[in-house]
Amino acid sequence: MTDQQVASDGDVPSRRRFLTALGGTALAAAGYGYGTGSGGSVTTDSAASSDSHPASEDHVATLTALASAVYPSTVSVDSSFIERHVFGRVEPEPGHFERLVAAIEAVDDHARARFGDGVTELSAGRRRQVLQSMGVTTVHPTADGTTAEQVRFYVVNDLLYALFTAPVGGELLGIDNPPGHPGGREAYQRGPGGDDR
C-alpha cells in the first residue's frame, strides 16, 4: 500500500456529505417495491424467508459495518437487524441474495486493496470513503451494471430499504406505520395532525 492509495483523514467524507451525495436514494429505495409479496405487504419475518441464503456470518458482519456508513448517525443497528430485515425478507427475485453477497465481497475486496483492511476493521468514515472511492455515490443503481452500479443497487439500496421499512426508519421519516408494521391500536386513534381523536 502506497501513500497515494490512502487519503488523509481530511478527505474522509462526513456522514451528512455522504448522504447528500446519495441524493434521493433513501426515498427511492423505500418506495422501490422489492421485498414485497404479491399482496403488496412487506415480509420481514425470517420464518417467511427462503430456508437458506448464501450470506455467511462474515457477509452479514460486513453489511452491518457498511450500514454504519450509510445510515444517519442517529441510527445504530446490529447484525440481527441485517439478518432479519435484509436477508430475512422474501427474496425480491431469484438470485438477488447471491448478487448482494457478490456486491458485499466486491466492497470488501476494494477496501483491502485500497485501504489495507477489510470493511469491518475500518471506521465508519473510512467505510464511506471506500464506497465513495468506488464511485458508488456518483452512479445510478443498476442490477446488471458496473461494479459501482451493482454495489449501489444491491448494497446501498438494500440497506436503505431495510431501514425505511422498519419502525426505526419510519420514525426518521415521520411514518408511524412503515409497510409491514401496523403500529398497534394507538396509531389508528390519532388524527392527521398526530393528536388523539
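As a reminder, the structure under discussion sits directly above these lines.
It should be emphasised that the depicted structure is a prediction, and the values quoted were computed from it without experimental measurement. (Residues numbered from 1 in each chain as written. Predicted model: local features only at pLDDT ≥ 70, side-chain atom pairs only at ≥ 80, totals over all residues. Heavy atoms only, no water.)

Participant: Looking at this structure, how should I read the pattern of salt bridges?
Facilitator: Two side chains of opposite charge can pair, provided their charged atoms sit close to one another. All chains considered together, the criterion is met by three salt bridges. Measuring nitrogen to oxygen at the nearest pair gives 3.0 Å for the salt bridge that ties Arg99 to Glu93. The exposure class assigned to Glu93 is partly exposed, which follows from its relative accessible area of 41%. Two residues, Arg112 and Asp108, come together in a salt bridge whose shortest N-O distance is 3.3 Å. Placement of both Arg112 and Asp108 in helix 5 (residues 96-115) is noted, with a separation of four residues, approximately one turn of the helix. Using a relative accessible area of 47% as the deciding quantity, one classes Arg112 as partly exposed. (Salt bridge = Lys/Arg side-chain N within 4 Å of Asp/Glu carboxyl O. Buried < 20%, exposed > 50% of the residue type's maximum accessible area, 1.4 Å probe, protein only. Helix = DSSP H or I, 4+ residues; strand = E, 2+ residues; numbered from the N terminus.)

Participant: Whenever I open this one, the side chain of Arg152 confuses me. Can you help?
Facilitator: Note that Arg152 resides in helix 7 (residues 147-164). Buried within the structure, Arg152 lacks any salt-bridge partner; Glu149 is the closest side chain of opposite charge, at an N-O distance of 9.5 Å. Side-chain polar atoms of Arg152 contact the backbone oxygen of Val136, separated by 3.0 Å. (Lys, Arg positive; Asp, Glu negative; His and termini not counted. Polar contact = N/O pair within 3.5 Å; in protein donor to acceptor, adjacent residues only side chain to side chain.)

Participant: What exactly am I supposed to notice about the side chain of Thr64 here?
Facilitator: Its location among the elements puts Thr64 in helix 3 (residues 57-70). Thr64 sits in the buried class, given a relative accessible area of 14%.

Participant: Whenever I open this one, the packing of aromatic side chains confuses me. Can you help?
Facilitator: Any aromatic ring pair is given by two values, namely how distant the centres are and how the planes are angled relative to each other. Applying the stated criterion to the full structure yields two aromatic pairs. Between Phe153 and Tyr154, the aromatic rings sit 4.7 Å apart at their centres with planes inclined by 75°, giving edge-to-face as the arrangement. For the pair Phe153 and Tyr154, a shared accessibility class is recorded, and that class is buried. (Phe/Tyr/Trp six-rings, centres within 6.5 Å; stacked < 30°, edge-to-face > 60°.)

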